[in-house]
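Commentary on secondary and tertiary structure
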Amino acid sequence: MKLFNLIKRFNKDEDGAVTVDWVVLTAAVVGLGLIVIGAIEGSVTDLSENIAGSIDAAQN
């Protein structure tokens, strides 16, 4: 009887499932962040070089 009750209680426990959900959600957010950074990295580098060139030209 004790073992049966333990198994029933284990099946109803959802704490582990919630933890797995949060881990998957966090991994998805981090992955999307890396994809966005990779997508805009080149444009940001070009823009910053253009700004630096404009500042240099204005100072001379």
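This one's a predicted model, so the numbers in the text were calculated from it and none came from an experiment.

**Quick look at the overall build of the protein**
In terms of regular secondary structure, the protein is built from two helices and zero strands. Whereas a compact globule of 60 residues would reach a radius of gyration of roughly 10 Å, the protein reaches 26 Å, over 25% beyond that. Overall, the protein is about 90 × 15 × 10 Å in size when its C-alpha atoms are taken along their principal axes. Looking at the protein as a whole, 0% of its 60 residues are labelled buried. The centroid of the 4 positive side-chain charges in the protein is displaced by 40 Å from the centroid of its 8 negative side-chain charges.

**Quick notes on helix α2 (residues 15–59)**
Look at α2: 62 Å from first C-alpha to last across 45 residues, which is about the 66 Å you get at 1.5 Å a residue. Residue Ile40 marks the point of greatest curvature in α2, where the axis turns by about 40°.

**Description of the environment of Thr19**
Take Thr19: it is sitting in helix α2. Its relative accessible area of 47% is what places Thr19 among the partly exposed residues. Taking the C-alpha atoms as reference points, Thr19 and Gly38, separated by 19 residues in sequence, lie 29 Å from one another.

**Some words on a nonpolar patch on the surface**
On the surface, Val18, Trp22, Leu25 and Val29 cluster together into a nonpolar patch covering about 410 Å² of accessible area. Structurally, Val18 is set in helix α2.

**Some thoughts on the environment of Ala57**
Mapped onto the elements of the fold, Ala57 is located in helix α2. Residues Ala57 and Thr19, 38 residues apart in the sequence, show an inter-C-alpha distance of 55 Å.

Rules behind the numbers
- Residues numbered from 1 in each chain as written.
- Predicted model: local features only at pLDDT ≥ 70, side-chain atom pairs only at ≥ 80, totals over all residues.
- Heavy atoms only, no water.
- Helix = DSSP H or I, 4+ residues; strand = E, 2+ residues; numbered from the N terminus.
- Rg over C-alpha atoms; globule rule 2.2 N^0.38 Å.
- Buried < 20%, exposed > 50% of the residue type's maximum accessible area, 1.4 Å probe, protein only.
- Lys, Arg positive; Asp, Glu negative; His and termini not counted.
- Charge placed at Lys NZ, Arg CZ, Asp CG, Glu CD.
- Expected span 1.5 Å × (residues − 1).
- Bend = angle between axes of the 7 residues up to and from the residue.
- Patch = residues over 30% accessible without salt bridge, like charges linked within 9 Å, V, L, I, M, F, W, Y side chains within 5 Å.
- Areas by Shrake-Rupley, 256 points an atom, 1.4 Å probe, with all protein chains shown as cover.
- Salt bridge = Lys/Arg side-chain N within 4 Å of Asp/Glu carboxyl O.

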